[in-house]
Amino acid sequence: MKWIKRLVLFSIIIGLVGIGSIVAIYYHVKSDLPDVATITDIQLQVPMKVYSIDGELLSQFGEKRRIPLTKEDIPKTLINAFIATEDSRFYQHFGIDPIGIIRAATVWASTGSATQGASTITQQVARNFFLTRDKTFIRKIKEVFIAIQLEQILSKDEIMMLYLNKIALGQRAYGIGAAAQVYYGKDVSELSIAEMALLAGLPKAPSNLNPISSPKNAEMRRNVVLSRMLSENYITQEQYETAKASPITATYHGAEITLSAHYVAEIARNKLIELYGSERSYNDGFNVYTTINKIDQQAANKATLNNLHDYDKRHGYRGASKVLWQAPEKSWSNEAIISTLRQTPDSADLSPAVVVEVAAQAIKVITKNSQGQLQQIDWDGLKWARPFISNSRQGNEPKKASDIVAVGQQIWVREVAQQLELSQYPAVSGAFVSLNPQDGAITSMVGGFSFEQSKFNRVTQAQRQVGSNIKPFIYSAALDNGYTLATLVNDAPINEWTGSTAWRPKNSPEVYAGPIRLRQALGQSKNVISVRLVQDLGLTKITRQLEKYGFDRENLPQNNTIALGSASISPLKLATGYAIIANGGFKIEPYLVERIENAYGSVIYQANPKIVCSDCAELYAQQENIQQTISPQTELDEGAQVCPISPVSAEQIAPAVINAETAFLTRELLTTAIWGGGSWQHKSGWNGTGWRAGRILKRHDMGGKTGTTNGSKDAWFSGFAGNRVVTSWVGFDDFNLDLGRTSYNNNLDKDQSYGSEFGAKTAQPAWIEFMQDTALSNPVVTIDTPSQISTVRIDRKSGLLTYQTDFTTFFEYFRADSVPTEYVDRRTFFNEKSSTEGNQDIPDNAPTTADELF
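What you are looking at is a predicted structure, and each value in this text was computed from that prediction instead of being measured.

Some thoughts on the sheet that holds strand 22 (residues 702-708)
With antiparallel pairing, the 5 strands of this open sheet are ordered in space as 13-12-24-23-22. In this open sheet, the two edge strands, each paired with only one partner strand, are strand 13 (442-446) and strand 22. Averaged over all pairs of adjacent strands, the angle between strand axes in this sheet comes to 5°, irrespective of strand direction.

A word on the pairing of strand 21 (residues 603-606)
In this structure, strand 20 (residues 593-597) lies alongside strand 21, joined through 3 bridges in antiparallel fashion. For Ile-596, the partnering residue across the bridge sits in strand 21 and is Tyr-605. Linkage of strand 20 to strand 21, two consecutive antiparallel strands, is achieved through a turn of 5 residues, within which Gly-601 is found at a positive phi near 90°.

Considering the packing of aromatic side chains
Evaluation of the coordinates by the stated rule reveals 18 aromatic pairs. Between Tyr-263 and Phe-451, the aromatic rings sit 5.1 Å apart at their centres with planes inclined by 90°, giving edge-to-face as the arrangement. Remark: Phe-451 occurs in the loop between strand 13 and strand 14 (464-465) and Tyr-263 occurs in helix 11 (residues 262-276); sequence separation between them is 188 residues. A single burial state applies to Tyr-263 and to Phe-451, both of which are buried. Members of the aromatic cluster, connected to one another through ring pairs, are Phe-473, Tyr-549, Phe-551 and Tyr-578. In this structure, Lys-156 is placed above the aromatic ring of Phe-90, and the distance from its NZ or CZ to the ring centre is 4.6 Å. Geometry around Phe-735 places Arg-464 over its ring, the cationic atom sitting 4.3 Å from the centre.

Considering the sheet that holds strand 1 (residues 48-51)
Two strands in a sheet stick together by hydrogen bonds in their backbones, pointing the same way (parallel) or opposite ways (antiparallel). Spatially, the 5 strands line up as an open sheet ordered 2-1-3-20-21, and their pairing is mixed. Either end of the sheet is taken by a strand with one partner, and the two such strands are strand 2 (57-61) and strand 21. In this sheet, neighbouring strand axes are inclined to one another by 15° on average, regardless of whether the strands run parallel or antiparallel. Bridging between strand 1 and strand 2 involves 4 bridges; their strand directions are antiparallel. When the bridges of strand 2 are listed, Lys-49 appears paired with Gln-60. Along the sheet, helix 11 makes contact with strand 1, strand 2, strand 3 (287-290), strand 20 and strand 21, crossing strand 2 at roughly 50°.

Describing a negative patch on the surface
Taken together, the side chains of Glu-72, Asp-73, Asp-187, Glu-190 and Glu-256 define an acidic patch exposed on the protein surface. Note that Asp-73 resides in the loop between strand 2 and helix 2 (76-86). Using a relative accessible area of 37% as the deciding quantity, one classes Asp-73 as partly exposed.

The rules behind the values
- Once a new chain begins, its residue numbering starts again from 1 and follows that chain's sequence as written.
- With pLDDT at 70 or above as the cut-off, local features in this predicted model cover only qualifying residues; side-chain atom pairs require 80 or more to be listed or tallied, and sums for whole chains, interfaces and linings still use all residues.
- By convention in this description, side-chain values take in all heavy atoms of the structure and omit both hydrogens and water.
- At least two DSSP bridges between two strands are required for those strands to pair.
- Helix and strand assignments come from DSSP, with helices taken as H or I runs of at least 4 residues and strands as E runs of at least 2, each series counted from the N terminus.
- Helix axes use the C-alpha atoms of the stretch in contact, all axes being lines fitted to C-alpha atoms, and the angles between their N-to-C directions lie in the range 0 to 180 degrees.
- A pair of Phe, Tyr and Trp rings is counted when the ring centres sit within 6.5 Å of each other, with Trp represented by its six-membered ring. The angle between the planes then sorts it: under 30 degrees is stacked, over 60 is edge-to-face, the rest tilted.
- Accessible area is worked out with a 1.4 Å probe on protein chains only. A residue is then buried under 20% of its type maximum, exposed over 50%, and partly exposed in between.
- By definition here, charges over rings are those cases where NZ of Lys or CZ of Arg is within 6 Å of the ring centre and within 35 degrees of the ring normal.
- Any two residues whose heavy atoms approach within 4.5 Å at even a single point are treated as in contact.
- Excluding any residue in a salt bridge, patches collect residues exceeding 30% relative accessible area, merging like charges within 9 Å and nonpolar Val, Leu, Ile, Met, Phe, Trp and Tyr side chains within 5 Å.
- Each accessible area is a Shrake-Rupley result for a 1.4 Å probe, and residues are judged covered by the shown protein chains and nothing else.
- Here a salt bridge means any side-chain nitrogen of Lys or Arg lying within 4 Å of a carboxyl oxygen belonging to Asp or Glu.
- Note on charges: Lys and Arg go in the positive column, Asp and Glu in the negative column, and His and the chain ends are not counted at all.
- Where a charge sits is defined by one atom per residue type, namely NZ (Lys), CZ (Arg), CG (Asp) or CD (Glu).

Keep in mind that these numbers describe shape and distance, not what the molecule does.
Structural data, given as C-alpha cells:
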C-alpha cells in the first residue's frame, strides 16, 4: 500500500507544482496582458460606403471588406458548420477545452495528421483581437489566459458573433457577411449547405483553400467540414450527399455597386477624410449619403457616353487596340483568347473582343464574357468606321468588313439596342452635371468617359473657356442698366483698334441683320451684340455682375473678349450660375453630401444648404441691399424661423443676388434661344441656337444656351427644364486640340454627319437625351411673373409700341418703369388703315405714347 500513498503524494506534488507554475507564468505575463474588458468597446474595421439619396450603393472604400451581422442575421446551420469544424464543444468549455486538447493530441498521435485543432473559438477571438499570429510558447500562454477572461465577461453568443464578424476568410473579406458577398454575391441567409461548409473551412488557411484560386483544395476542405457536420448531427445523410456532390461555384464578386457614379463617390470620400481623417474614414463603417438620385445619374451616364461615342464615330475609326495574330499565323484557341481578354478590364460601356471571322459585311467575335461563344456584329454596327486621319479629316466610307478589321485583332465593342457594335475608346472628353436650382443639390455628375482611365473630374476641376454660355450673364447686366428685351442694338461688324492692332469679332455664321432687339440677339447668339453691350456698360459693371453669379474675378479677363466667353469656368460653377437665373435670382451653393451616418445608423453630419424659400417674400422684401446676406439685413437670431409656412431658419435662406425682374427677363432670353421668334407662316420666323431641344422635348418651361469657343476647342450647352439645371461640356483635355470638323458620311445621321463641331451639335445632344429620360415624365413648372413686370404689344422690327395686332407684333415683357412710351410711326399705321377702310384723316387727338393710351 506504500506505493499507492507515494503515488498520491507524487500526484499532489505534481499538481501543486503545476498550479504553482501556472500562477508563476500568469504573474510573469500579467503585465503584458491587455485589458480584456476593452473588447466590449472595440469597433470592427468596417469600410466606408457611399450611397445615392435613394439608397443605391455607389462605392466602398477600405482595405477590409466587412458586413457586421447579428446572431439573428445568421442561419443556425452556418453557425453549426463553424462549431463542427473549429470547436465542437464551444458551448461546454470555459475558454479552453482540455477534452478537445486531449482528443486532438490523440488523433495526431494515431494518424500523424492534425485534422482537429486544439484552439477553441474563444482562443481564436483572443488571438484575433489582442495578439499577433507569432507561433511562440508565450503567445500561446497569453492566448489561454485571455480566453478564460473573455468567457467571464462575455456570453457564448457574444463571443461567437465577434468570431464570425472578425475572422479572415480571404479576398480581403473579413467576417462571414463579407465572405458570402465576395465568393457568392449573396446574403448569408441565401447560402446553400455546400456554400456554408466551404466558408466554414476557410479559417484554417484562407489562401491555400481559396475556392477561386484553388478550387480543388477548397472542395477537399469543404467535404471535411460536411463530414464533421454529419458526425455532429447538424445535417442529415441526404443533405450531406447532396452538398458533397455540389460543384465549386465560387467566383469573385466586387462590392455590390448598384449605381455607377465613381466621380461622385470620390468627392464623398474626400469629404469624409476632410471631416474625420483617413483612419476613421476607412475603418469606422461610415455610410455617406449623397444628393445623387438613381434616375438622374443613370440618365446622365447614358447621355454622356452616347454623346461621346457619337462624336467619335463622326470622326472615324482609329483601328484595333492590338493585334494578337495575323495571317498566315495560326489562329489562337478560344481558351487563349478568353485568357487574354480577361486581362483587359471593361471600361465604361466598352468590352474587349477578338475578331475570329470576317465576312462581306459582318464579323464574328469572341468577347470576354461570351465563354467562347461566337457573337456577330452586322453591317449596321460596322459601317460608321471610315478611317480616322485627323480631327478634321476622315477617310473613305467602308464598303466591306475587311476595310475595317481583320482576323486576330483585339477591338472594343459595346451593346446598342441589344446588338453588338464596333466601338473604340473616345479620344475626346466630356463633363455633365445636373442640380436642383432650389437648393443646389447635385442630382447627377459625370466627370469623364471613364473614372478608371482618368480620375480627373472635369465637372469640378476643369477650368475651360465657356464661349457663348457667358452671354446670359452679360445680358443680365444690360437689363440691370436700362436695357430691355426690346432694346435695339446694331448687329454689324466691329473694328476695335488697340494701337496698331485691330480686333474684329465676328458672328458665327458671319451674317449681320442691322439693328435687332436684345431678345433676338441672344436667341441667335450674335457675338457682336455681346461685344457692344460690354463696350457700352464697361468692364467694371460686367465683372461685378459676373461675380454675383459666383464666378471668380481672377478667372475673368479684363478686356472685351469677355463678351465672347474667354473666361475660364468649371462646368459646376457654370451650372450654378444658370441655376441663379432659373430660381429667380437666388444664390444657392451646390452640395453633394446630404448626410453621414456612423456604423450604428446615427446621423453625425447633416448638410445645411441654402434654400430658395418661396414663402419668404416678406423677408426678402426687408433686404436693403441684395448683395448682402439675409442675416445682416434682418438681424435675426441664428436658427430663428423666418417663414410662417416653411420651417426655414435665417441662415438657410439663399440670398438674392439678382433682382427678380432681371432674373425673369434673363430667363425669357434663354427660352428664346430654344424657341426662336417671328412668324414661320409669314416667313419672318427664326430659330434659336438651341432649337433642337424645342423640337424634341416640346416643353415650354425650358431655356438654354449653346457655347462654342475660338477654334472649336470647347462645346457647351447649359440650361434648365422643369426643376433641373444641366450643363454639358465636350472638349479635349489637351488645350492644343480642337474638336475639328467632319465630311459628309452617308452611313450616319444627316444632322450629325458633317461640318464643324459646335455647342448645339456636340454638347446639346447629351442635354436633350438627359431631359428626355428625366424631365418629360414630370409636370411643367409654371414661373410666376414678378409684380413689377408688365406686358405690352410691340412691333417686332422696331421694338416700339404698336396699334397693329398682326404677325408683325407680339406681347413683350418689360419692367413696369421701362415700358416703351413711343409708338412705331403712327402716320404709317393710320395711312395703312385708311387704305383699307377708306380715306380718313388722322385724328388730332390720336395717342402718341403709352401714357396717353393707358
